[in-house]
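Examination of the molecular architecture
As a plain string of letters, each chain reads:
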Amino acid sequence: MEKKLYIGNLSYNLTDDQLKETFGQAGTVVSASIITDKYSGRSKGFGFVEMSTEDEAAKAIEMFNNQPMDGRNLKVSEARPREERPRTGGGRGFGGGGSRGGYGGGSSRGGYGRDN
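Cut-offs applied
- Residues numbered from 1 in each chain as written.
- Predicted model: local features only at pLDDT ≥ 70, side-chain atom pairs only at ≥ 80, totals over all residues.
- Heavy atoms only, no water.
- Helix = DSSP H or I, 4+ residues; strand = E, 2+ residues; numbered from the N terminus.
- Buried < 20%, exposed > 50% of the residue type's maximum accessible area, 1.4 Å probe, protein only.
- Areas by Shrake-Rupley, 256 points an atom, 1.4 Å probe, with all protein chains shown as cover.
- Pairing = 2+ DSSP bridges.
- Lys, Arg positive; Asp, Glu negative; His and termini not counted.
- Salt bridge = Lys/Arg side-chain N within 4 Å of Asp/Glu carboxyl O.
- Polar contact = N/O pair within 3.5 Å; in protein donor to acceptor, adjacent residues only side chain to side chain.
- Contact = heavy atoms within 4.5 Å.
- Phe/Tyr/Trp six-rings, centres within 6.5 Å; stacked < 30°, edge-to-face > 60°.
- Lys NZ or Arg CZ within 6 Å of the ring centre and 35° of its normal.
- Core = buried A, V, L, I, M, F, W, Y, C linked by side-chain atoms within 4.5 Å.

Helix and strand counts for the protein come out as two helices and six strands. For the protein, the N- to C-terminal ordering of α and β elements is β-α-β-β-α-β-β-β. Residue burial in the protein is summarised as follows: out of 116 residues, 25% are buried. Carbon and sulfur atoms make up 44% of the accessible area of the protein, which amounts to about 8,800 Å² in all.

Here it is as structure tokens:
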């Protein structure tokens, strides 16, 4: 059974292929991906590697946890299931904001609702 690992404290220069090649030393890597910021495309410094068996995953943790890679000590552990996050929307439990916009409105002096 495949086992997913969390890999933290990654160098921002590391690529998916380098991660896959490195963890391939512990066994068969099903997938390897570094998580990137959706706006800048820059690495967030962590990723996930999926090993083909639980034994290979355990071997990878033993081999690479707290070991240096590209100047940083890796943090390798079994990945936890992804938690559901609430949608943004002011904490009201439903999406979207109010219809009035922001900054308090109403002031004719242009002070965004404050008396200037």
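The phi dihedral of N9 falls on the positive side, at around 65 degrees, and the residue is not glycine. With respect to the helices and strands, the residue N9 is situated in the loop between β1 (3-8) and α1 (16-23). Among the residues examined, N9 registers a relative accessible area of 29% and is labelled partly exposed. In the Ramachandran plot, D70 falls in the positive-phi region, its phi being about 55 degrees despite a non-glycine side chain. Tracing the backbone through its elements, the reader meets D70 in the loop between β4 (68-69) and β5 (72-73).

Bridge analysis of β1 against strand β3 (residues 43-51) gives six bridges, and the strand direction is antiparallel. From the neighbouring strand, I7 faces β3, where its bridge partner is G47. Pairing analysis gives six bridges linking strand β2 (residues 29-36) to β3, with the strands arranged antiparallel. Its bridge partner being in β3, S33 is matched across the sheet by F48. Connecting β2 to the next strand, β3, in antiparallel fashion are six residues, including G41 with a positive phi near 80 degrees.

Before going further, it helps to spend a moment on the side chain of E56. Tracing the backbone through its elements, the reader meets E56 in helix α2 (residues 54-64). One buried charged side chain, E56, makes no salt bridge at all; its nearest oppositely charged neighbour is K59, positioned 7.6 Å away. Reaching out from E56, the side chain makes a polar contact with the side chain of S52 at a distance of 2.4 Å. If we ignore the near neighbours within four places in the chain, the residues touching E56 are A26, G27, T28 and M51.

Overall, the coordinates contain four aromatic pairs when judged by the stated rule. Considering the side-chain rings of F23 and F64, the 4.6 Å spacing of their centres and the 45 degrees angle between planes classify their relative orientation as tilted. Residue F23 is found in helix α1, and its partner F64 is found in helix α2; the two are separated by 41 residues along the sequence. In this pair, the class of F23 matches that of F64, namely buried. The side chain of R42 reaches across the aromatic face of Y12, ending 4.3 Å from its centre.

Among the nonpolar cores identified, the biggest contains 18 residues, and I7, L19, F23, V49, M51 and L74 are the most heavily contacted of them. For this core, the secondary structure elements donating two or more residues are β1, α1, β2, β3 and α2. M51 has contacts with E2, K3, L5, F23, A26, G27, T28, V29, V30, E56 and A57, leaving out every residue within four places of it along the chain.

Shape descriptors only; they carry no functional weight alone.
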